[in-house]
Amino acid sequence: MNYRLNLFHCFHSPIYAIARHGGGEGSGKTRSFALMSAIRGYMYAEAGTSGLILAAREHLNSLSDSSMEEIKQAIRAVPFLDNYYEMGENYIRTKNRRVSYGFAGLRHNLDSIKSKARILLCWVDEAETVSEMAWRKLLPTVREDDSEVWITWNPESRDSATSQRFRYDQIFDEVTGKLIGVGAQLNYSDNPWFPEVLEIERRQDQNNLDDATYRWIWEGDFLELSEAQIFRNKYKVEEFEPQPDWVDVYYGADWGFAKDPTTLNKIWVHDDVLYIEHEVNQVGCEIDHLPKLFDEVPGAREHKIRADSARPETISYLKRQGFKIEAAEKGAGSVEDGITYLKKFKKIVIHPRCTETAREFRLYSYKVNRAGDVLPVILDMYNHHIDAIRYALQPLIKGRTPKKPATAGSRTF
């Protein structure tokens with residue numbers, strides 16, 4: 001966890017303390033800011049100030065998508081905070097009831113945010129995709145004296161509204177020219193508690209990924225298109241609604257283990273376009289929790305799910321729970337065949353709520369050697385949702401894509 005100073009007080013009425021994280025993986029930003037918000041809530045309550053700490057993200061369909069669990073874990077890790085707060089399934093608040101947490105999605109809940117109780121602090125996490133319109137509506141809503149806005153995100157596009165507004169060391173009001181915020185970039189190197197397991201992963205990525213992708217993940221650089229990215233220029237993240245004449249709907253699941261997530265995707269195929277509508281994922285999901293996880297995807301019990309065949313006992317269990325699930329057929333070269341089939345679509349459209357799926361489509365890559373040459377070897381990482389999508393489409397892939405010899409480093413999953 002990283003306790004480097006990230007919070008800055010600036011002079012404006014109301015005060016906006018815009019703390020920016022624009023760094024890479026392993027900087028400890030989410031847990032650190034979760035802890036700092038709890039400490040700030042303690043300070044407000046002890047000073048006799050009442051109000052709301054609002055934790056917001058661009059998309060928030062349920063509390064499971066929010067920062068609630070991170071905040072709870074941060075509070076539990078510090079004894080005096082654990083004694084000061086009371087926490088339930090759907091709430092976090094100080095025991096004296098002066099300060100409570102609220103959670104909201106900016107895409108569809110902006111108007112309701114305006115009617116919320118007095119906002120003392122608003123923390124916007126994963127802010128890369130927050131629109132300019134959302135910022136224009138949100139910032140004036142945090143209007144109490146000494147109120148603050150914290151913003152944390154991993155930069156992707158230098159043209160995003162968040163990067164355009166806040167990726168600077170100092171942020172000035174456009175009208176008055178007054179200083180209203182200060183930013184800071186944090187990377188793994190700034191985290192004195194950077195765990196060894198992530199250091200091993202970082203070194204592996206440094207050896208296996210091209211420099212642009214590595215620097216985006218770990219150094220906080222903007223994501224630049226790389227020849228090693230398998231789906232570069234092939235997909236876009238965009239909202240869509242399935243239309244009444246869409247009939248080809250598919251579901252695919254991939255099983256996680258100790259460090260990998262179990263995933264489920266709902267996808268559509270229409271007019272030579274692949275639409276990815278829903279996702280769920282969870283690391284370390286116990287088998288008896290799978291039905292609840294899969295039920296978060298609309299229609300999962302009514303449609304056939306094709307899943308990784310490596311876990312027949314899991315498939316059998318879900319069948320007994322009422323899911324129409326079967327093992328996907330696989331063989332030599334199935335990964336390469338699946339990639340070839342996906343790249344044949346006119347385009348791939350990923351709904352913005354499918355954040356992890358979009359992340360995988362950005363990062364799924366071929367191996368690059370030290371000379372910078374892209375090798376015909378697919379890296380076995382950032383592929384759990386992509387594997388689930390391949391399984392979902394397995395009958396189509398099998399029927400339309402000819403088999404070919406596996407390339408070096410290929411795998412069958």
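This text follows the structure it describes.
What comes next is a walk through the structure. (Residues numbered from 1 in each chain as written. Predicted model: local features only at pLDDT ≥ 70, side-chain atom pairs only at ≥ 80, totals over all residues. Heavy atoms only, no water.)

Attention shifts here to the environment of S189. With respect to the element layout, S189 can be found in the loop between β9 (179-182) and α7 (196-208). Overall, S189 belongs to the exposed group, its relative accessible area being 57%. The spacing of S189 and W218 is 29 residues in sequence and 9.2 Å in space, taken between C-alpha atoms. (Helix = DSSP H or I, 4+ residues; strand = E, 2+ residues; numbered from the N terminus. Buried < 20%, exposed > 50% of the residue type's maximum accessible area, 1.4 Å probe, protein only.)

What follows is about helix α11 (residues 334-343). Counting buried residues along α11, eight of its 10 residues qualify, which places the element largely inside the surrounding structure. Inspection of α11 places S334, V335, E336, D337, G338, I339, Y341 and L342 among the buried residues, and these make up the whole buried set.

With that settled, consider the pattern of salt bridges. Taken as a whole and judged by the stated rule, the model has 23 salt bridges. Here E86 makes a salt bridge to R93, at a shortest N to O gap of 2.6 Å. Judged by its relative accessible area of 22%, E86 falls in the partly exposed class. The shortest N-O distance in the salt bridge between K236 and E238 comes to 3.3 Å. (Salt bridge = Lys/Arg side-chain N within 4 Å of Asp/Glu carboxyl O.)

Let's shift gears to the pairing of strand β12 (residues 261-270). Consecutive side chains of a regular strand alternate in pointing toward one face of the sheet and then the other. Most of β12 sits out of view: nine of its 10 residues are buried. Of the strand pairs in this sheet, strand β11 (residues 248-254) and β12 are connected by seven bridges, and their pairing is antiparallel. Paired with Y250 across the strands is I267, a residue of β12. Taken together, β11 and the strand that follows it, β12, pair antiparallel across an intervening segment of six residues. Pairing of β12 with strand β13 (residues 273-283) involves 10 bridges; the strand directions are antiparallel. By the bridge assignment for β13, N265 is matched with E279. As consecutive antiparallel partners, β12 and β13 are separated by two residues, and within that stretch D271 has a phi angle of approximately 55°, a positive value. (Pairing = 2+ DSSP bridges.)

This part covers the sheet that holds strand β10 (residues 235-237). If you walk across this open sheet you meet the seven strands as β10-β16-β13-β12-β11-β14-β15, and the pairing is mixed. The sheet terminates laterally at β10 and β15 (325-327), the two strands that pair on one side only. Between one strand axis and the next, the sheet turns through 25° on average, direction left out of account. Pairing between β13 and strand β16 (residues 347-350): four bridges, direction parallel. (Axes fitted to C-alpha atoms, helices over the stretch in contact; angles between N-to-C directions.)

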